[in-house]
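Fold and geometry: a report
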Amino acid sequence: MTDTVNRRWLLAKHPEGMPDASCFTLETTPVPVPGPGEILVKARYLSVDPYMRGRIGRSKSYAKGVEIGEVIRGGAVGEVVASNHPAWAPGDIAETMGFGWQEFAVLAPGGSGPDGVRKVDPALAPIESSLSWLGMPGLTAYFGLLDVGRPRPGDTVVVSAASGAVGQIVGQLAKAAGCRVVAIAGSPEKLAWCEELGFDVGIDHRATADLCAALREACPNGVDVFFDNTGGPIHDAVMKNLALHARVVICGRIAVSSQPGPDIGQRFNGHVLVARATVSGFLVFDWWHRHAEAVTRLAALQKAGKLRFREDVLDGIERMPEAFLRLLTGANLGKQLVRVG
Ligand code: NAP
Ligand code: FER
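A few words on helix α4 (residues 188-196). It helps to recall that an α-helix has 3.6 residues per turn; residues three or four apart then point in one direction. Every buried residue of α4 is listed here: Lys190, Leu191, Trp193 and Cys194. Within α4, the buried residues cover an arc of 155° as seen down the axis, which keeps them to one side. Exposed and oriented more than 90 degrees from the buried face of α4 are Pro188, Glu189 and Glu195. Residues of α4 that are buried sit in contact with α3 (167-176), β9 (180-185) and β10 (201-204). Directly beyond the C-terminal end of α4, a positive phi value near 95° is found at glycine 198.

Printed below as a string of structure tokens:
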């Protein structure tokens, strides 16, 4: 192995509102050495995900936050360069959500949760898929839509951030389930991609003055399934258009996660009552025990030509903060990744 240094991003300060470059520091350290039973992995792709906004902020969440001076947590896929573990050999490909924003990590194989280390089959799909449609965002779409949203043929499904890592898979799974898909996304280019994927109607939330009226027109019989990736004003507008017995999947709050102060929206209890709707919070980690099932089903759909995806790749670990900010400003088209190897 020729590499001797590891570059890694540390949290410099907790952001208040929208993060900026001053929240992150790039540090150079020696490449770590694996102990007994451990492997050393060199990252090829780092994952960039909206949940990191919650982890680097000060507010409490279901998971421990990143402290100042700590390596920012995050997923990656990479190549084993040294192994002290009998089941792993140099050249194997490893993926885990417990890698961190860095070039090298020492990992302890074993563990079945998100931070466990999974062996990736490079013959199944390009290895970066394990961070995208065949990984955490794909599982989010699969379980969130199919098990929580429970779409039925003929249903109208509304999905926000529809061209993104999760949204593009949600829309295609809904089409495969025989639904009509209404996509909400933030630019004409994003909506063109949604159209290419076969979604039936597109609404540009950045160019639509009256979202509620646009949704009423797009969903004349109401919204049967709302896959809410953003929260905020999009959430308020969709909730006013629920059909009888609608299912609402609360998946993300990216529209408000960098907003200073409390998230003050409109009350939706009246709409939920009239529609006798079900509103469910969703966390992909609760479904992790079914990881293999989702990967098998998603890979089969992709092989059959029923699942397409876009990834948005920047080059170089120095670009991690920039890549992260792209998510929060809607600059990404598809799953945001950073190629490092
Ligand atoms: P993504 O959709 O690929 O990227 C984020 C997108 O959010 C942006 O491209 C932008 O798309 C949209 N956005 C950003 N700011 C916005 C704003 N102010 N108003 C409306 N839209 C805004 O990201 P992803 O990885 O697929 O995640 C999508 C959502 O799912 C996120 O909220 C994430 O936190 C959530 N998620 C939840 C779980 C879970 O277990 N609950 C797991 C994975 C992801 P537009 O330009 O189209 O608006
Ligand atoms: C995400 C957004 C939110 C996510 C997890 C959460 C795994 C959970 C937030 C919380 O518990 O506060 O994208 O992805």
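Don't stop here, the text continues.
On to the domain arrangement of the chain, then. Domain annotation of the chain identifies domain 1 (5-132 + 310-339) and domain 2 (136-285). With 23 residues of domain 1 in contact, the opposing surface of domain 2 contributes 16 residues. Summing both partners gives a buried area of about 1,500 Å² for domain 1 against domain 2, and 63% of it is carried by carbon and sulfur. One can count zero salt bridges joining domain 1 with domain 2. Summed over the shared surface of domain 1 and domain 2, the number is seven residue pairs in polar contact (both at pLDDT 80 or more). Counting residues per element, the ones that place at least two in the side of domain 1 that touches domain 2 are α1 (51-56) and α9 (320-329). Here the side of domain 1 that touches domain 2 is built from residues that sort into 11 nonpolar, seven polar and five charged.

Bringing the packing of helix α2 (residues 136-149) against helix α8 (residues 291-303) into the picture now. Following both chains from N to C, one finds α2 and α8 inclined at 95°, their axes separated by 10 Å at the closest point. On the basis of the axis angle, α2 is roughly perpendicular to α8. On α8, the residues touching Gly138, Leu139, Tyr142 and Phe143 of α2 are His291, Glu293, Ala294, Val295, Arg297 and Leu298. When the residues that make up the contact of α2 with α8 are grouped by side-chain class, the tally is six nonpolar, two polar and two charged.

Attention now goes to the site of ligand 1. Taken together, 28 residues lie near ligand 1, and Val166, Lys190, His205, Asn229 and Asn332 sit nearest. The separation between a nitrogen atom of ligand 1 and a polar main-chain atom of cysteine 251 is 2.8 Å. Considering ligand 1 on its own, with 910 Å² of exposed area, one finds that the protein chains cover 90% of that surface. Elements with a contribution of two residues or more to the shell around ligand 1: α2 and α9. Split into classes, the residues belonging to the shell around ligand 1 amount to 15 nonpolar, 10 polar and three charged. Each of two domains, domain 1 (5-132 + 310-339) and domain 2 (136-285), supplies a minimum of three residues to the shell around ligand 1.

This next bit is on the nonpolar core. Among the nonpolar cores identified, the biggest contains 40 residues, and Leu145, Leu173 and Leu298 are the most heavily contacted of them. For this core, the elements supplying multiple residues, two or more each, are α2, β8 (156-160), α3, β9, α4, β11 (223-228) and α8. Setting aside anything within four residues of it in sequence, one finds leucine 145 in contact with Thr140, Arg150, Pro151, Val157, Val170, Leu173, Ala174, Val225 and Phe227. The next biggest cluster of nonpolar side chains, apart from the first, holds 31 residues, and it includes Leu11, Val66, Ala76 and Phe324.

This part takes up the side chain of serine 258. Among the structural elements, serine 258 can be located in the loop between β12 (242-250) and α7 (269-275). A polar side-chain atom of serine 258 sits 2.9 Å from a polar atom in the side chain of arginine 53. Ignoring sequence-local partners within four residues, the contact set of serine 258 consists of Gly17, Met18, Pro19, Arg53 and Leu328.

Quick notes on the rules
- Residues numbered from 1 in each chain as written.
- Chains lettered and ligands numbered in written order.
- Predicted model: local features only at pLDDT ≥ 70, side-chain atom pairs only at ≥ 80, totals over all residues.
- Heavy atoms only, no water.
- Buried < 20%, exposed > 50% of the residue type's maximum accessible area, 1.4 Å probe, protein only.
- Helix = DSSP H or I, 4+ residues; strand = E, 2+ residues; numbered from the N terminus.
- Arc of directions from axis to C-beta.
- Contact = heavy atoms within 4.5 Å.
- Domains from an automatic or database assignment.
- Buried area = accessible area lost by both parts, 1.4 Å probe.
- Salt bridge = Lys/Arg side-chain N within 4 Å of Asp/Glu carboxyl O.
- Polar contact = N/O pair within 3.5 Å; in protein donor to acceptor, adjacent residues only side chain to side chain.
- Nonpolar A, V, L, I, M, F, W, Y, C, P; charged D, E, K, R; others polar.
- Axes fitted to C-alpha atoms, helices over the stretch in contact; angles between N-to-C directions.
- Parallel < 35°, antiparallel > 145°, perpendicular 65-115°, else oblique.
- Near = heavy atom within 4 Å.
- Areas by Shrake-Rupley, 256 points an atom, 1.4 Å probe, with all protein chains shown as cover.
- Core = buried A, V, L, I, M, F, W, Y, C linked by side-chain atoms within 4.5 Å.

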